[in-house]
Amino acid sequence: MKPEEGRKRVIIEEIQPQVDCGRYPARRILGDRVDISAAIFSDGHDHVAARLLYKPVGESDWRIAPMKALVNDMWSSSFTVDRLGAWSFTIQGWVDHFETWCYDLKKRLAAQPDPDSPDPDRRNLPPQDIPVAFTIGATLLDEAASRAAGADAAQLKSVADSLRALAAQNLPFYEYPLTPDIEALAARHPDLRFASLGTELSLWIDRERARFSSWYELFPRSTAPAAKGDQPARHGTFADVERLLPEIAAMGFDVLYMPPIHPIGTAYRKGKNNSVTAQPAT
C-alpha cells in the first residue's frame, strides 16, 4: 500500500508504555513522571527531530515536550500527570532540515582552505562553496520566520539577512556564523508539513491508594455492641460501622471493605446454621 504522503519520511515504532499493543491503557499514579520511549528513524542522512504530545482526555490542545535522541534510533521524553482519569499521548517526528544544514555547514567550514594556516595541506584544500551554503541557510531561516511571530520572527529574519550579507562578501575564510541561541530559536519553529504521527495510546491515572493500601474487612451485622442486662441481642447496622471507623483508621487501614449485601431471597433459602430448610421469609 502506498503511503498517503510520500514526503513523510520519519518512522515511529515501539512506543512505550503500552499494554497489549495499545488495547488497554497503561496505568500510573497521580503525580507520577511518565517516561516515554520510541524508535524513531528515517531514510538517508538527514537529521530527525521529535516531540511528545500528551493531554488529559477532554482537553482540546496537546501539551508538548521535546524528545531526546539516545542510541540506536531510540528516543525518550517524559511528563508528569496532574489529573486523575484518562490521558492520551503520541509522538510526532519530522526531518529537521535546518539542523541538518547546521551539521553539514560545520563540516564544510572545518574542511575549507585556510590561507593563513602554516600547514600547506590546509591552505590547499578544495573550496567548499560556503557562500552558497549560507544562502541556503538564509532561506531556511526565512521559512522559520514565516512560521514564527513577533520578536522571534524578526530575529530569525535578521539572522537570515546577515547570512546573505556574509555570502555576498565572498571571503576566503569563514567562521561559523550562528550561536546556540539562534539554533534553539529556529528549532522552536519547525516545519511540520510532512511530520509523522505515531500511534495514539492511552493512559489511566489512579489515586495514590491504587498503588498500595491496607484493607480492613468486616461484616456490618457483627458490629453491634454487646447486649447488656435485659437488652436483646441485635444485628449491627451501618451506624454501628460508622462508630468503629476511627478505631479502624487508628490501626493504619486505608480502605474499609464490606462483603456484598443482598436483599433476603424468597426461593432456595437456607435456614439457621446452614440448614437446607428455612422458615418462610417475612
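Check the entry above for the structure.
Residues numbered from 1 in each chain as written. Predicted model: local features only at pLDDT ≥ 70, side-chain atom pairs only at ≥ 80, totals over all residues. Heavy atoms only, no water.

**Notes on the packing of aromatic side chains**
- Applying the stated criterion across every chain yields a total of six aromatic pairs.
- Arranged with centres 5.9 Å apart and planes meeting at 25°, the rings of Phe79 and Trp87 form a pair that is stacked. Neither Phe79 nor Trp87 differs from the other in exposure class; each is buried.
- Taken together, the aromatic side chains of Tyr54, Phe79 and Trp87 make up a single cluster linked through ring pairs.
- A cation sits over an aromatic face here: Lys55 above Trp62, 4.6 Å from the ring centre.
- One Lys or Arg, Lys106, reaches over the ring of Tyr176 and ends 5.1 Å from the middle of that ring. (Phe/Tyr/Trp six-rings, centres within 6.5 Å; stacked < 30°, edge-to-face > 60°. Buried < 20%, exposed > 50% of the residue type's maximum accessible area, 1.4 Å probe, protein only. Lys NZ or Arg CZ within 6 Å of the ring centre and 35° of its normal.)

**Digging into the sheet that holds strand β7 (residues 74-80)**
- Reading across the sheet, the four strands line up as β1-β3-β7-β6 and stay open at both edges, with antiparallel pairing between neighbours. Edge positions in the open sheet fall to β1 (11-16) and β6 (68-69), since each of these has one partner strand only.
- Bridging between strand β3 (residues 33-41) and β7 involves seven bridges; their strand directions are antiparallel. Each residue of the ladder has a partner; that of Arg33, found in β7, is Thr80. (Pairing = 2+ DSSP bridges. Helix = DSSP H or I, 4+ residues; strand = E, 2+ residues; numbered from the N terminus.)

**Let's talk about the packing of helix α4 (residues 150-169) against helix α5 (residues 180-187)**
- At a minimum axis distance of 11 Å, the contact between α4 and α5 shows a crossing angle of 120°. On the basis of their axis angle, the class for α4 and α5 is oblique. Read as a crossing pair, α4 and α5 show a hand that is left-handed. Judged by residue contacts, Asp152, Gln155, Leu156 and Val159 of α4 engage Ile182, Leu185 and Ala186 from α5. (Axes fitted to C-alpha atoms, helices over the stretch in contact; angles between N-to-C directions. Parallel < 35°, antiparallel > 145°, perpendicular 65-115°, else oblique. Left-handed = near helix turned anticlockwise from the far one by under 90°. Contact = heavy atoms within 4.5 Å.)

**Some remarks on the environment of Asp46**
- When you line up the elements, Asp46 lands in the loop between β3 and β4 (48-56).
- Relative accessible area serves as the criterion here: at 28%, Asp46 is assigned to the partly exposed category.
- Sequence-wise, Asp46 and Pro126 are 80 residues apart; in three dimensions their C-alpha atoms are separated by 24 Å.
- Excluding anything up to four places from it in sequence, Asp46 contacts Arg9, Val95, His97 and Thr100.
- Among the polar contacts listed, one links the side chain of Asp46 to the side chain of Arg9, at a separation of 3.1 Å. (Polar contact = N/O pair within 3.5 Å; in protein donor to acceptor, adjacent residues only side chain to side chain.)

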